[in-house]
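Letter by letter, the chains look like this.
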Amino acid sequence: MDKVAVLTHILKPEVISTLLGGELPVSVINNNRYISLLTSDALATDRNAEENSLDYAIQAALTDETRSVILTGPEGSGKTTTLEKLVVGWAKGEHFQNFPYVFHFKLRELNSLTGTLSLETLLLHHHGNVPRESLPLILKNPAEVLFVFDDLDQCKQSLDPSLHTLCSDPSQAASMSCLVASLLRGSLLKGAAFVLASRPTGSLKFLSGTMVEVLGFLKPQREAYFNKFFPDPIAAGKARIHMEKTLGFYDICTSPRFCWTVCSVYKSLMDAGAKLPETLSQLYVNILVHLIQSLSLNEACSREFISALGKMASHCLLDQHSSCTEEEMNSFGFQQFLTSVGAFLQVHGDQSERRVFSFHSSQMQEFLLAVSVFCDNSMPGGAEKMLEKHKSHAKFLDLFLSALSEPLQRRPLESLLGELNSDQIMDFKKWFKSNSEQTLKGFHKEKHQHCFHLLHQTQNESLVKEIITPSARIGISYGDLSLQDCVALNYVITCLGELEQLNLYHTGNLTEEQAEMLAPTMTLSRKICLSQSSLSAGAVSHLASALSRGITKELDLSHSHLGDEKFKILCAGIRDCKLHTIQLTVCNLTEAMCEDLVSALTSGSSQLCVLDLTFNDIGDQGLTKLCKALQSPLCKLQDLQLHGCKLTAASMDSLSAALCSGQSELREVNLNHNTIGERGVEALCKSLQHPLCKLRSLKFFDSDLTGSCCPHLMAALMSEHCSLSELDLSVNDLGQEGALQLCQALRQPGCRLEKLCLQRCELTEPVFKELSSVLTSGNSRLKSLAVGIHAVGDQGVKHLWDAVAHPSCLLEELDVEMTGLTDACLEDLCAAIRASKTLKTLELRNNSLTDASVPAIVEVLQDSDNMQEMNLKYNDFSEEALSILDECDKIRY
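Since the model is a prediction, treat every value here as computed from it, not as a measurement.

Colleague: Can you break down the overall build of the chain residue by residue, with the values?
Modeller: On a plain count of helices and strands, the chain comes out with 37 helices and 26 strands. Along the three orthogonal principal directions, the C-alpha set of the chain runs to about 115 × 60 × 60 Å. Each of the 893 residues in the chain was classed as buried or not, and the buried ones make up 55%. Once local pairs closer than 6 in sequence are excluded, the contacts in the chain between residues at least 24 apart make up 79%. As presented, the chain carries roughly 37,300 Å² of accessible surface, and 48% of it is formed by carbon and sulfur atoms. Averaging the positions of the 77 positive and the 107 negative side-chain charges in the chain gives two centres separated by 5 Å.

Given below as structure tokens:
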């Protein structure tokens, strides 16, 4: 086979590249701009760059066992160029040298072969590089033959072998589609190899072989392409960075054809010293301006031409046709423009045969439709009706209309087409504003995001501020944003100037790219919520940088499983920012991160006051390290949540020392769900009696306390220096004796405790009686008391009802959940509510009140001026009783 002739044939340019059609494969190859494409399989492997390429995938897949490789990918993804480069490489002796014969066919071109022909005729007369004397050798050794078929999906007739009477004789005449089907099935030249290319389509399911999905260009391939397109490395870098920033998040950027278009537009603008487009809409405005100028039509003809293109675009969208016949084109008004459509459309066939016309991309198709809408003076129903008509098929139409409704965006087009229809534009803007305002009052994040995309295309800051009013619910969760969503959201918030809360709750994987796009929004957000999210290390780095530059006061990373390494990155931002509160519940932090945290807290510029480390296994060693920061005058921490941090008494001496150091600003410490025990309580109680200790809230819920801890607590509460106002001892076995000791402290005039939680502490009726005495003594400052989960019954709780009714009792909140209350307590309960001037909240869950109690409870609550809420969940009420309770909005059931 004459390889030189093959090279000459492939590398001979027959037409010129067009702006929308992409650079011709021959030009790509001749100008050394070929970049091997990426496949879907490559993304899931750690192979080197060469092994990840499409070229490698084809060569690796084609073996003695596998004789067919099928490339699938959308139009413009580079399949044709790859196949031509493959044939050129073969002709140059670079690969596939085990095949002496390679036949390259484009099915789109073979469509012109009408009638019947034999395989021999096809190879001799329609390939042109095979001497007649070689044909018998080829037919005798099919294993030495490689067929390269491009545009398989463009074949006019079906290639499904089941629909043909297949032929096996190379000299037998058949239709072109039957010949190809016979080759693919193996009835002709059995043993030959095939490399096939097609757009994704269901009509080729009969094909067997290795399927290779072509992804096109990702970032590394785009960078290589830009470097080859622009001779100047600085210009290449500037163009590529701008594209990635403004367009790189669109799927279309994986298309080599689109990259060619972008590079061509950018180069023209950069050579002219003009500004590069900021949005997809602006890019297409530039493209359309260039194309219209290339036609040299007057204003009226240009407008008529665009109107015809709009009609074609609408027809193809609504009827889901990829192409139009010449008769259809004439019906749209193209009669005088058919010789000019080549720059705008793909034209298949020539004037001697039936030509068909199609758009290069769906984006350009929808953009031309959008322009035609605002050119048209007679469109019934306006833009809203047109959008409704096309909404199930158009993806970008409303985005383009949003952009074109802005004077600055459409001005370059109006210089060529004349002023667009102001009535249509005003009609669209009215719909757009009303629809956006209504959307943003709702809770659908997808609709919010679409609205942001529309606003981004307008590039109008005043419009953003006009539409996003205080009634807009932009604090809803925007978790799991796409990169495109991040860009739109960031544009909107940047226009607004600041955001109360950036809510990214439940973001599955916040990537470095997404965080980089959102970084300006982060700096403008007073609160950032990333709870239940997963962040990459790169994303954490951008978050840290945003914190150090921004106004964020509160950061929620709860359940983000951050880990020590990522937290170390975050600490760089914490050490120098305005952050007041950080929530790190369940972040997989350990003692290893505490040194970094201490460094941040003592940096001198950290403003952190609230630190929540709940359910992180920092252990005693971690807390001991943290206490170094608490003793520093530079640390501003006031609230430290250490719930479930694997702490024991071993670290309480360090905490106690910090509390009474005179430097600690701590006001609240939560030690719930730790193993503190008597020795730990004793250590902390010493600090509570120290004049320099400022602690006001201490929580020991389920912390392995017993009655032996109570003497230490009693001594602390009775100390003149103790400033504690809240104490939680719930779910600890204090028992009667321990609780009575606490009561002794509570009745002292100097005890400042206002909130006491003693749920499930093994209390008895005598303790309830003593608590009643404390509450009515005139010395108690208690405003909140929780003594639920004690089986003291009506008789035990009666002591508390009597106290509530007493004028000296200051209680505002009382929790007697699961204390065995029955309807027998009703009289005392109602009398207490009527008599109390302070009680606001009453917790009565999990008791045995029945329907008989309901009328009296409803009546007393409705008559009470100070009672705000009563919780009656899980009592013995019928459905009828619940409907009566529903009449009172103070009751929860």
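Colleague: Kindly report on helix α13 (residues 280-295), identifying the contributing residues and their values.
Modeller: Relative to the 22 Å expected for 16 residues at 1.5 Å per residue, α13 spans 23 Å between its end C-alpha atoms, a close match to the ideal helical length. Counting buried residues in α13 gives 12 out of 16 residues, a clear majority hidden from the surface.

Colleague: Account for helix α33 (residues 765-775), with residues named and values stated.
Modeller: Turning to α33, its buried residues are Val767, Phe768, Leu771, Ser772, Val774 and Leu775. Taken down its axis, α33 places every buried residue within 160° of arc, on the same side. The elements touched by buried residues of α33 are α32 (735-746), β22 (784-786) and α34 (793-805).

Colleague: How would you explain the sheet that holds strand β8 (residues 210-216) if you had to name every residue and give the values?
Modeller: The 6 strands lie next to each other as β1-β8-β2-β7-β5-β3, forming an open sheet whose pairing is mixed. Strands at the two margins of the open sheet, each flanked by one partner only, are β1 (38-39) and β3 (101-106). For β1 and β8, the ladder comprises 2 bridges, and the chain directions are antiparallel. When the bridges of β8 are listed, leucine 38 appears paired with glycine 216.

Colleague: How would you sum up the packing of helix α27 (residues 594-601) against helix α28 (residues 619-630)? Please name residues and give values.
Modeller: Two elements in contact, α27 and α28, have axes separated by 9 Å at closest approach and are oriented at 10°. What the angle tells us is that α27 and α28 run roughly parallel. Crossing hand, α27 versus α28: right-handed. Between α27 and α28, the residues in contact are Cys594, Glu595, Leu597, Val598 and Leu601 and Gly622, Lys625, Leu626, Lys628 and Ala629, respectively. When grouped by side-chain class, the residues that make up the contact of α27 with α28 number 6 nonpolar, 1 polar and 3 charged.

Colleague: Go over the layout of surface pockets with me, naming the residues and quoting the values.
Modeller: Empty space within the second largest pocket amounts to approximately 660 Å³. What lines the second largest pocket is a set of 25 residues, and nearest its centre among them are Lys275, Gln282, Val285, Asn286 and Pro412. Counting only elements with at least two residues in the lining of the second largest pocket, the list comes to α12 (256-271), α13 and α19 (407-417). Counting residues per element, the lining of the second largest pocket draws most heavily on α13, at 6 residues. Looking at the lining of the second largest pocket residue by residue, the class counts come to 11 nonpolar, 10 polar and 4 charged.

Colleague: Which residues make up the sheet that holds strand β11 (residues 356-359), and what are the values?
Modeller: Read from one edge to the other, the open sheet built from 3 strands follows the order β9-β11-β10, with strand pairing classed as antiparallel. Unpaired on one side and paired on the other, β9 (324-325) and β10 (345-348) mark the two borders of the sheet. The pairing of β10 with β11 spans 4 bridges and is antiparallel. Within the sheet, the bridge partner assigned to glutamine 346 lies in β11 and is serine 358.

Colleague: Please give an account of the side chain of serine 358 that cites residues and values.
Modeller: Position of serine 358 relative to the elements: it lies in strand β11. Other than its neighbours up to four places away in sequence, serine 358 contacts Met312, Ser322, Ser323, Leu345, Gln346 and His348.

Colleague: Please provide a residue-by-residue account of unusual backbone geometry, values included.
Modeller: Even without being glycine, histidine 506 reaches a positive phi, approximately 65°. Tracing the backbone through its elements, the reader meets histidine 506 in the loop between β12 (499-503) and α24 (512-523). In the Ramachandran plot, isoleucine 789 falls in the positive-phi region, its phi being about 60° despite a non-glycine side chain. Its place among the elements puts isoleucine 789 in the loop between β22 and α34.

Colleague: I'd like a rundown of the nonpolar core, residues and numbers included.
Modeller: Counting residues in hydrophobic clusters, the biggest one holds 267 residues, and the most contacted among them are Phe334, Leu570, Leu613, Leu671 and Trp801. Among the elements that take part in this core, α13 stands out by supplying 10 residues, more than any other. Non-local contacts of leucine 671, meaning those with residues more than four positions away in its chain, are made with Leu642, Leu647, Met652, Leu655, Ile676, Leu684, Leu698, Lys699, Phe700 and Ser703. In terms of nonpolar packing, the next biggest core, distinct from the first, is built from 36 residues, Leu122, Leu123, Leu179 and Ala192 among them.

Colleague: Pulling in residues and values, what's your account of the packing of aromatic side chains?
Modeller: Evaluated as defined, the whole model comprises 24 aromatic pairs. Between phenylalanine 229 and tryptophan 260, the ring centres sit 5.8 Å apart and the planes meet at 70°, which makes this aromatic pair edge-to-face. Placement of the pair is phenylalanine 229 in helix α10 (residues 219-229) and tryptophan 260 in helix α12, with a sequence separation of 31 residues. This pair shows no difference in class: phenylalanine 229 is buried, exactly as tryptophan 260 is. Pairwise contacts between aromatic rings join Phe217, Tyr225, Phe226, Phe229, Phe230 and Trp260 into one cluster. It is lysine 3 that lies over the ring of tryptophan 90; its NZ or CZ is 4.8 Å from the centre.

Colleague: If you had to explain the environment of lysine 699 to someone new, which residues and values would you point to?
Modeller: Here lysine 699 is to be found in strand β19 (residues 697-699). On the basis of relative accessibility, which here comes to 18%, the residue lysine 699 falls in the buried class. Between the alpha carbons of lysine 699 and serine 730 there is a distance of 8.6 Å; along the sequence they are 31 residues apart. Ignoring any residue separated from it by four or fewer positions in sequence, one finds lysine 699 in contact with Glu668, Val669, Asn670, Leu671, Asn672, Glu726 and Asp728.

Colleague: Pulling in residues and values, what's your account of empty space enclosed by the protein?
Modeller: Scanning the model with the defined rule gives 2 cavities of 30 Å³ or more in all. Estimated volume of the largest cavity: approximately 60 Å³. Around the largest cavity, the lining residues are Tyr34, Asp55, Ile58, Gln59, Thr82, Lys85, Leu86, His95 and Phe96. For the lining of the largest cavity, the secondary structure elements donating two or more residues are α4 (54-61) and α5 (79-91). Broken down by class, the residue content of the lining of the largest cavity amounts to 4 nonpolar, 3 polar and 2 charged. Considered as a void within the structure, the second largest cavity measures approximately 30 Å³ in volume. Along its surface, the second largest cavity is lined by Tyr478, Asp480, Leu481, Cys486, Leu504, Thr507, Leu510, Gln514 and Leu518. Residues belonging to the lining of the second largest cavity are distributed by class as follows: 6 nonpolar, 2 polar and 1 charged.

Colleague: Explain the packing of helix α26 (residues 563-574) against α27 to me, and be specific about the residues and the numbers.
Modeller: At a minimum axis distance of 9 Å, the contact between α26 and α27 shows a crossing angle of 5°. Between α26 and α27, the interaxial angle falls into the category roughly parallel. Between α26 and α27, the residues in contact are Phe567, Lys568, Cys571 and Ile574 and Asp596, Leu597 and Ala600, respectively.

Colleague: Got a sec to walk through the pattern of salt bridges? Specific residues and values, please.
Modeller: The final tally for this structure, using the stated rule, is 30 salt bridges. Linking arginine 257 and glutamate 75 is a salt bridge whose minimum nitrogen-to-oxygen distance equals 3.3 Å. In this pair, arginine 257 sits in helix α12 while glutamate 75 sits in the loop between β2 (68-72) and α5, placing the two residues 182 residues apart along the sequence. By relative accessible area, glutamate 75 is classed as partly exposed at 24%.

Colleague: Report on the environment of lysine 219, specifying residues and quantitative values.
Modeller: Along the chain, the position of lysine 219 falls in helix α10. Residues lysine 219 and arginine 240, spaced 21 residues apart in sequence, show a C-alpha to C-alpha distance of 9.4 Å. With near-sequence residues (within four places) excluded, lysine 219 lies in contact with Glu244 and Glu513. Of the polar contacts made by the side chain of lysine 219, one reaches the side chain of glutamate 513; its length is 2.7 Å.

Rules used in this analysis
- Residues numbered from 1 in each chain as written.
- Predicted model: local features only at pLDDT ≥ 70, side-chain atom pairs only at ≥ 80, totals over all residues.
- Heavy atoms only, no water.
- Helix = DSSP H or I, 4+ residues; strand = E, 2+ residues; numbered from the N terminus.
- Buried < 20%, exposed > 50% of the residue type's maximum accessible area, 1.4 Å probe, protein only.
- Contact = heavy atoms within 4.5 Å.
- Areas by Shrake-Rupley, 256 points an atom, 1.4 Å probe, with all protein chains shown as cover.
- Lys, Arg positive; Asp, Glu negative; His and termini not counted.
- Charge placed at Lys NZ, Arg CZ, Asp CG, Glu CD.
- Expected span 1.5 Å × (residues − 1).
- Arc of directions from axis to C-beta.
- Pairing = 2+ DSSP bridges.
- Axes fitted to C-alpha atoms, helices over the stretch in contact; angles between N-to-C directions.
- Parallel < 35°, antiparallel > 145°, perpendicular 65-115°, else oblique.
- Left-handed = near helix turned anticlockwise from the far one by under 90°.
- Nonpolar A, V, L, I, M, F, W, Y, C, P; charged D, E, K, R; others polar.
- 1 Å grid on protein atoms, 1.4 Å probe; cavity = no way out; pocket = protein on both sides within 12 Å on 5 of 7 lines; lining within 4 Å.
- Points joined across faces, edges and corners; volume = space filled by probe spheres on them.
- Core = buried A, V, L, I, M, F, W, Y, C linked by side-chain atoms within 4.5 Å.
- Phe/Tyr/Trp six-rings, centres within 6.5 Å; stacked < 30°, edge-to-face > 60°.
- Lys NZ or Arg CZ within 6 Å of the ring centre and 35° of its normal.
- Salt bridge = Lys/Arg side-chain N within 4 Å of Asp/Glu carboxyl O.
- Polar contact = N/O pair within 3.5 Å; in protein donor to acceptor, adjacent residues only side chain to side chain.

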